[in-house]
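One letter stands for each residue in the lines below.
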Amino acid sequence: MTTTYAALLRGINVGGAKKVPMAELRTLMEGLGYGDVRTYLQSGNAVFSSGAGDEESLAAELSGAIGEHFGFEVGVLVRDHAYLRAVREACPFPAAELEARQLHITYFSHPVDAERFSSVEPAAFLPEEFRLGDRVLYLYAPDGLGRSKLAETLGKARLLKGVLATTRNWNTVVKLEELTGA
């Protein structure tokens, strides 16, 4: 049975660092035997199908291939359509009423609990808010991610130690869920 996945690459094509041309990434993924490979935007989103492996093994395989081909390490998360749909449906914020730039999802490599973020005082960042979900953090930033003090705090290395984390805006979250379901 073939499953459709989204690959989320962390920190590529940002500020001239870790350049990964999307056409080259598609060719690399096809060379790994993945089918129906498509990329979305230039920021490290790919959709593909595979009949072998699971999210973790596919992420490790793709990360290793990228490192070998491009010469630098890239964190990769792989998630299937059912998971992406569940994340979208579980959003604790009124996504339909917000601008996409106000809502972001940080995907984690494994579950995190509230204790990890216990040093963050939510009231100090209002009206910005965050909620945890299944291997995700939902962030409401009314002035956008670039101006978000809460996003800056939540992204500190000490809070994310031992976890691969990568963030996408709501438009990308929706589009990846749609592309993996097609």
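Trainee: Whenever I open this one, the sheet that holds strand 3 (residues 45-50) confuses me. Can you help?
Mentor: In any sheet, the strands associate via hydrogen bonds between backbone groups, in a parallel or an antiparallel arrangement. Read across the sheet, 4 strands follow the order 2-3-1-4 without closing on themselves; strand pairing throughout is antiparallel. Of all strands in the sheet, those with a lone pairing partner are strand 2 (35-40) and strand 4 (76-80), marking the two edges. Neighbour-to-neighbour, the strand axes of this sheet turn through a mean angle of 25°, independent of strand direction. By the bridge criterion, 4 bridges tie strand 2 to strand 3 in an arrangement that is antiparallel. The residue of strand 3 that forms the bridge with Thr39 is Ala46. Of the strands in this sheet, strand 1 (3-9) and strand 4 touch helix 3 (residues 81-89), which is tilted by about 90° from strand 4.

Trainee: Just checking my understanding: could you explain the environment of Leu126 for this structure?
Mentor: Looking at the secondary structure, you find Leu126 in the loop between strand 5 (103-108) and strand 6 (129-133). With 15 residues separating them in the primary sequence, Leu126 and Ala141 have C-alpha atoms 9.2 Å apart.

Trainee: Hey, could you run me through the sheet that holds strand 7 (residues 136-140) in this one?
Mentor: If you walk across this open sheet you meet the 4 strands as 6-7-5-8, and the pairing is antiparallel. What marks the edges here is a single partner per strand, and that holds for strand 6 and strand 8 (165-169). On average, adjacent strands in this sheet sit at an angle of 20° to one another, irrespective of strand direction. Pairing of strand 6 with strand 7 involves 5 bridges; the strand directions are antiparallel. Across the sheet, Gly133 pairs through a bridge with Val136, a residue of strand 7.

Trainee: Honestly, the pairing of strand 4 in this entry has me stumped. Any pointers?
Mentor: Each regular strand shows side chains that alternate between the opposite faces of the sheet. For strand 4, the tally of buried residues reaches 4 of 5 residues, placing the bulk of the element in the interior. Looking at chain direction, strand 1 and strand 4 are connected through 5 bridges and run antiparallel. Residue pairing for strand 4: Ala7 is matched across the bridge by Val78.

Trainee: Got a minute to help me understand the side chain of Arg135 in this structure?
Mentor: Following the sequence through the fold, Arg135 ends up in the loop between strand 6 and strand 7. According to the relative accessible area criterion, Arg135 is buried, its value standing at 17%. One polar contact links Arg135 to Glu55, side chain to side chain, over a distance of 3.4 Å. Apart from the residues lying within four places of it in its own chain, the contact partners of Arg135 are Glu55, Arg79, Tyr83, Thr106, Tyr107, Phe108, Ser109, His110 and Pro111.

Conventions we followed
Residues numbered from 1 in each chain as written. Predicted model: local features only at pLDDT ≥ 70, side-chain atom pairs only at ≥ 80, totals over all residues. Heavy atoms only, no water. Pairing = 2+ DSSP bridges. Helix = DSSP H or I, 4+ residues; strand = E, 2+ residues; numbered from the N terminus. Axes fitted to C-alpha atoms, helices over the stretch in contact; angles between N-to-C directions. Contact = heavy atoms within 4.5 Å. Buried < 20%, exposed > 50% of the residue type's maximum accessible area, 1.4 Å probe, protein only. Polar contact = N/O pair within 3.5 Å; in protein donor to acceptor, adjacent residues only side chain to side chain.

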